[in-house]
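Here are the chains, one letter per residue:
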Amino acid sequence: MDHVSIAAGVTFIDNKDMRNDQPKSRYHTLMRHIEHRIIAVGMSVIAYLLEKAILRSLKNGSAKP
């Protein structure tokens, strides 16, 4: 269906191809790899510290399970 009715009664014809003309690169730049590694390490450190804090509070009895 290439005709879409609009509220004003005007017919809109859309025959444009929806594909992007520029091919996407499969390979990422070195900076992008480094950025992903830094973010992954940072998130891992934060998760580890949060886990240690939660386990410490459970052990001390300041939080209820």
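Residues numbered from 1 in each chain as written. Predicted model: local features only at pLDDT ≥ 70, side-chain atom pairs only at ≥ 80, totals over all residues. Heavy atoms only, no water.

(A) Highlighting the overall build of the chain. Each helix and strand in the chain was counted, giving one helix and two strands. The order of α-helices and β-strands along the chain, N terminus first, is β-β-α. Each of the 65 residues in the chain was classed as buried or not, and the buried ones make up 0%. (Helix = DSSP H or I, 4+ residues; strand = E, 2+ residues; numbered from the N terminus. Buried < 20%, exposed > 50% of the residue type's maximum accessible area, 1.4 Å probe, protein only.)

(B) Examining the confidence of the model for the chain more closely. On average, residues of the chain score 76 in pLDDT, and 54% of them are at 70 or above. No element of the chain has a lower mean pLDDT than strand 1 (residues 3–5), at 55, and none a higher one than helix 1 (residues 30–60), at 93. (pLDDT = per-residue confidence, 0-100.)

(C) View of helix 1. For helix 1, built from 31 residues, the straight-helix expectation of 45 Å at 1.5 Å per residue is met to within 8% by its first-to-last C-alpha distance of 45 Å. Once helix 1 ends, the next one or two residues include glycine 61, with phi positive near 85 degrees. (Expected span 1.5 Å × (residues − 1).)

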